[in-house]
Amino acid sequence: MSTLSFNNISTEVLSPLNQFEIRDLLSIDALGNLHISITNIGFYLTIGAFFFLVINLLSINYNRLVSNS
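Residues numbered from 1 in each chain as written. Predicted model: local features only at pLDDT ≥ 70, side-chain atom pairs only at ≥ 80, totals over all residues. Heavy atoms only, no water.

1. Overview of helix α2 (residues 40-60)
We apply this condition: Secondary structure elements follow DSSP: runs of H or I of four or more residues count as helices, runs of E of two or more count as strands, with numbering from the N terminus. Residue count minus one, scaled by 1.5 Å, sets the expected span of a helix.
Between its first and last C-alpha, α2 extends 30 Å over 21 residues, near the 30 Å set by a 1.5 Å rise per residue. Phi turns positive, to about 65°, at Asn61, one or two residues after α2.

Right, here's the structure in full:
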């Protein structure tokens, strides 16, 4: 049976703030000095805006009234 030593755990976790690091997911260098990148924050905001748009479009019902018979 192998045991896990505390020395290995303490060297892997350097800072608790590493989970909030903004990372480049897609980076494009085009036209000389133009740098376009999509970060993890931009990706999450895009997914959130897409879900908001879908829920908004599903809830509008295109201003149609449903009559009670």
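2. Observations concerning the pairing of strand β2 (residues 34-39)
Basically, it comes down to this: Strands are labelled as partners when DSSP assigns at least two bridges between them.
In this sheet, β2 lies alongside strand β1 (residues 24-30) in antiparallel orientation, the contact comprising six bridges. Of the residues in β2, the one forming a bridge with Ser27 is Ser37. Linkage of β1 to β2, two consecutive antiparallel strands, is achieved through a turn of three residues, within which Leu31 is found at a positive phi near 55°.

3. A look at the UniProt feature "transmembrane region" (unreviewed entry) in the protein chain
Selection rule: UniProt positions are given in the numbering used here, feature names are shortened, and annotations may be inferred rather than shown by experiment.
Taken from the UniProt record, the annotation "transmembrane region" (unreviewed entry) applies to residues 41-60. The straight-line gap between the two end C-alpha atoms of residues 41-60 is 28 Å; of that span, 100% is helix and 0% is strand.

4. Focus on the pattern of salt bridges
Once the charged atoms of two side chains with opposite charge are near each other, the side chains can pair. Quick note on the threshold: By definition here, a salt bridge exists when the distance from a side-chain nitrogen of Lys or Arg to a carboxyl oxygen of Asp or Glu is within 4 Å. For the exposure calls, accessible area comes from a 1.4 Å probe over protein chains only, and a residue counts as buried if that area is under 20% of its type's maximum, exposed if over 50%, partly exposed in between.
Per the stated rule, a full pass over the model turns up one salt bridge. For Arg23, the salt bridge is made with Glu21, and the minimal N-O distance between the two is 3.8 Å. Overall, Glu21 belongs to the partly exposed group, its relative accessible area being 39%.

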